[in-house]
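So the chains spell out like this:
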Amino acid sequence: MVIPTCRLVDTLMTCGVASSGLTRQPWRTANQAPLRAASVRGSPLSSLSQSNCSFGLNLNGDRSPFAAGPRKSTVVIGCGKTIEDDPSVSETGDDTEDQKVSRVRPKVPERDFTGTAYVPVYVMLPLNVIDMNCQLVDPQGLTNDMKILKSAGVDGVMVDCWWGIVEAEAPQAYNWSGYKELFKIVRDLNLKLQVVMSFHECGGNVGDDVFIPLPRWIIQIGETNPHIYFTDREGRRNSECLTWGIDKERVLKSRTALEVYFDYMRSFRVECDEFFQDGVISEIEVGLGPCGELRYPSYPAKHGWTYPGIGEFQQKSGDIRFGQELQTMQALIHLDPMRLGFSVTVVTSIVTMLSGIHWWYKTASHAAELTAGFYNPSNRDGYAPIAAMLKKHGVTLNFTCFEMRTLDQYEGFPEALADPEGLVWQVLNAAWDVSLPVASENALPCYDREGYNKILENAKPLHDPDGRHLSAFTYLRHSAVLMQRHNFEEFGRFVKRMHDNAPESCLSELTRPRFVEDNGEGDETEDMQKLIVTSEEDDEEGDGTDMDVKEEDGDSENRAKHIADQAMVGVEAGMLSDSFDDQFQYHHEVQDQVSTPGGGSGGRKCRPLEEKERTKLRERHRRAITARILAGLRRHGNYNLRVRADINDVIAALAREAGWVVLPDGTTFPSRSQGSRSVGGPSAAATQTSSHQSPQQEPPPSLKGISPGYPTSVEYNSGQMKGLLVPSPSPYDLSAGAHPQTSVMMGDGVDTPRIQPLTAGTVDTINVKQIVDVYPKLSEREFAGSAYVPVYVMLPLGVMNMKCELADPDGLLQQLRALKSADVDGVKVDCWWGIVEAHAPQEYNWHGYKKLCQIVRQLKLKLQVIMSFHECGGNVGDDVCIPLPHWVAEIGRSNPDIFFTDKEGRRNPECLSWGIDKERVLRGRTAVEVYFDYMRSFRVHFDEFFDEGVISMVEIGLGPCGELRYPSNPVKNGWRYPGIGEFQCYDQYLMRSLRKAAEARGHPFWSRVPDNCGSYNSQPHETGFFCDGGDYDGYHGRFFLNWYSQILVDHGDLVLSLSKLAFEGTCTAAKLPSIHWWYKTASHAAELTAGFYNSCNRDGYAAIVAMLKKHGATLNFCFSDLGVLNQQPMDFADGYVDSDGLFWQVLNAAWDVSIQIVSESVFPCHDRLAYNKILDNVKPLNDPDGRHPLSFTYHRLNSVLMDRYNFLEFQRFVKRIHGEAVVEMQVQV
């Protein structure tokens, strides 16, 4: 039988070039499980050619390389099989199958890439193009295949130069003959060549169809010294490549591994010099590990690894210097172009490849990446140091996974939490942030339009402000499956779009190619003419069939649209519909009718592909319905559902709405107050409060007696805060609703017992008997003999009145004596700017603070002083009001832009805006000059106390509450926990800075704050900016967050540089807040608005601790005790709070740069459970270096602490934190 062909303009010329995209769906063979891998380079699944299989089309009628059988033109569909030989393929059946494929293909809107940047496309040649004797297997067939690629517009090909072939027999005995012959063919065809220096073995991985071991002389060395290979914990050696532990060890016949690699590459450069000079070799990719990738061989299939296993660390008995950072790997030497011998006068780019290990990417640890050597857990960018290393050597990054879609990874292994799209975006940004060129190739074969579209979207990102794109794309790998008609058609369409050409409208009507018998005579022109013979009869027949298909498709689309509308109505009514299953049944019937003229069994040959597409569409539709249901419940029903909520969360929310109690383990029972609850449903609840009202629930048994119950969200959001001073709205506010109001003190005064969970909610006083009931039952660590950690106690806010006099000297002296009897090391006090410099610039009144220092010295205590440049009042626990200096307030009335401003124009007079740090708007002085003069005055007036060592530390206030952060969550402006807060940069000075930064970046239109960030009390999923996949990770979002967080770092850097001058020789500190809510979300929204760019895969505290290290400053970090955190209402249990995780991150960031840490509690604590939590944080268990904070400050001295029972418990805590043994106290009630 003769297979008809189509015109060259419709087939080969439209194909352009073969691309190396990853296939989102792993290609499967008969009886084969899904193959999923980070890359199939070196062991690619796409390499379907075997030593007896053809991999392409034939121009001259000669046998294709690796083909077996008679000399004829044919298409090979498998090992040794051709279309002519396969009884399952007929002309009619093939047409039907292709028509069905075209109908099943989702009709998704596509971007127009016409006029976009030209991205070269290369095609990877089969693994076995060169035999073990370094000879081309079939030169003539290879030439024919590359002619077809050339006619399709391909830019070039890629080939592995196997170390095990070239240097197989003896050291430095190189044989390049086969490769030089290949390079000549490529040059004759005017193609380009990408060459891979493959220092690994081929075979034993996914898709490997040949076996090419390491050189035999290496294997002989390995038999006597197996430690030259990577080794797992079971002692199994992996001979895929040499361990990096011998890079500088002379164990390879008196040479190190680096010297062996260098000699090999230098030989290649010398032997192939003519191809470098001619520009044939355009790129050299240096193999750095297994499969040529820079990674550890952590998931070897030969050792039993299967997807989605996390792999194993590859270290055993000192065979590698494990634990080195990736940027210190010997790749630093591999990648130096001069040392490689590739002359800089020749335009040849050096490339290295990274593996796309995307499984377990959505977990906190990123376990599969860790075992492979990428230190990329949550809140750390493990690819930034690699990108910086590559940038240092001028090397291009080649990355995989560009065709994979995250949604598809959940179809087979949803538990793997894979996210290839997130990984690609992270690596792209890491590379482009340092202006590093990026190339790509696919991990698995790609034949479908969705996969190609994904490659195109990543290769040419939409709306990239700098027009960045891939430098090249390599299709992995040339095979017979790619050359099948429907695959070849899609591939050709993809290549045109990569080359910025619009695909021709007739492309979808291409008919199956016909290959003509040829006797091998005639020139290339005649060969090409024979190849492009067209059958008009087939064209006419195809046109008629296509028209029928279009008509049926139209009916199917109309019905699908109608069904989708019905499904949406059902969703809004809260009902699920099975209509989509009916839609698929109808679609299936239509395809069966169109597949053959009689609707018979001829259409069953494409059943697997059709079923696969139907399953995909059904699953996507189901997820879309679920997403809309959850969004509706959140928005209209006020249900606080977590981001990745499932049906259990929905049922639990509905049960709570009905008055039932649902415990975390799923136990559900009616509440005692169920009978008295009004039945109003979600809508009724929405009219009563802005947050979902859930019933009160009993605390866990271990906390019975500590708290009478959990406050409801109504109590939180209604603002009923006991003991909180709520000042009047700022007179500087620009919002229309702002109006003056008298400040009101709510509560009983300073000594009122209060435990305020985070920001609001009334909590009853803890009963003494209840505490006694709890602590004898606790299991505790033994701290006797541990390191001595000094303990300080924060003095009350009202210890100093507005005249800078001690409010109650005698009472204070009595309390300090009691603290001294408890072995407290010292006290801590705020030196309020609004008291000391209250009336006029540079008129300081230190009288009361001097008296305090004298009392502290008399009692032989130490003193820590805070330079408090902020106002007191309006925040959690504030029971007095101490505004900024009066003269500053006068300036603020005429120039309110000296204060932080939110998007509504409300001014926050709590502290000065960082935008005036260098602006002379404070009576001829800048803000930092005012701060410096204040600190210098303090240092001069208290010189004697510094000299005597009474003042042990000075903490520099850097923002609201003395903390280095933006005032993003002001209670006075309506913020309530766990709101994300708002950006605070709308004053004219910060907006001017943003405008300058945008212009310097080359995008003046970025001189605005993102407008989809929600409000103070929004939650991340309710905003377009902070939601998963939101704009925070987009181009503008990344620019804005970098600028916003850099302003914070610059402010700290400037003020601390001056404090270092003022307090030379004295320990200085800066305080960071513990913004732990929404910590477990991807965006970390509450931290972003506060100025900490700590989103997923970024360490937002690294830059801050580096700045502190520069000035020798100590870090003061707050953490919440367990007792307070357990008093959070159940409504907010899904606020993704993780105070422990945040504390551990900041702790490690500081200790990584060797800076000292001090710590303090956030809220008052009086129970043993909370004290034990503090002890665990202050003295980490099993820390290898025995590190601990420099001191701990208890927050705060009050009458509740001085109660007999609470004070005895506090004494016990002090002894334990001092490392002393304690005797249990028997308290009589």
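Residues numbered from 1 in each chain as written. Predicted model: local features only at pLDDT ≥ 70, side-chain atom pairs only at ≥ 80, totals over all residues. Heavy atoms only, no water.

**Here we look at the pattern of salt bridges**
A complete count under the given rule lists 54 salt bridges for this structure. In this structure, the salt-bridge partner of Glu 421 is Lys 454, at a minimum N-O distance of 3.4 Å. Residue Glu 421 is located in helix 14 (residues 420-432), and its partner Lys 454 is located in helix 15 (residues 449-459); the two are separated by 33 residues in the primary sequence. With its nearest N and O atoms 2.7 Å apart, the salt bridge here joins Glu 780 to Arg 1212. Here Glu 780, found in the loop between helix 24 (768-774) and strand 17 (791-794), pairs with Arg 1212, found in helix 39 (residues 1204-1217); they are 432 residues apart in sequence, far enough to count as distant. Several salt bridges share partner residues, and in doing so they unite Lys 828, Glu 955, Glu 963, Arg 965, Lys 1071 and Glu 1160 into one network. (Salt bridge = Lys/Arg side-chain N within 4 Å of Asp/Glu carboxyl O. Helix = DSSP H or I, 4+ residues; strand = E, 2+ residues; numbered from the N terminus.)

**A few points about the sheet that holds strand 11 (residues 438-441)**
Backbone hydrogen bonds hold the strands of a sheet together, and the pairing may be parallel or antiparallel. Pairing in this closed barrel of eight strands is parallel, and the strands run 3-4-5-8-9-10-11-12 around the ring. Put simply, the sheet's adjacent strands are angled 30° from each other on average, direction ignored. Here strand 9 (residues 349-354) pairs with strand 10 (residues 396-399) via four bridges, running parallel. Across the sheet, residue Val 351 finds its bridge partner in strand 10, namely Thr 396. (Pairing = 2+ DSSP bridges. Axes fitted to C-alpha atoms, helices over the stretch in contact; angles between N-to-C directions.)

**A look at the packing of helix 29 (residues 927-941) against helix 32 (residues 1035-1062)**
Put simply, helix 29 and helix 32 touch, their axes get as near as 9 Å, and they point 25° apart. With respect to their mutual orientation, helix 29 and helix 32 come out roughly parallel. Crossing of helix 29 over helix 32 shows right-handed handedness. Where helix 29 abuts helix 32, its residues Val 928, Tyr 931, Phe 932, Met 935, Arg 936 and Arg 939 lie against His 1051, Leu 1054, Val 1055, Leu 1058, Ser 1059, Leu 1061 and Ala 1062. A per-class count over the contact of helix 29 with helix 32 returns nine nonpolar, two polar and two charged. (Parallel < 35°, antiparallel > 145°, perpendicular 65-115°, else oblique. Left-handed = near helix turned anticlockwise from the far one by under 90°. Contact = heavy atoms within 4.5 Å. Nonpolar A, V, L, I, M, F, W, Y, C, P; charged D, E, K, R; others polar.)

**A short note on helix 34 (residues 1102-1110)**
All of the buried residues in helix 34 are Ile 1104, Val 1105, Met 1107 and Leu 1108. Here the buried residues of helix 34 occupy an arc of 155° about the axis, which is enough to place them on one side. Count one or two residues on from helix 34 and you reach Gly 1112, which has phi positive near 65°. (Buried < 20%, exposed > 50% of the residue type's maximum accessible area, 1.4 Å probe, protein only. Arc of directions from axis to C-beta.)

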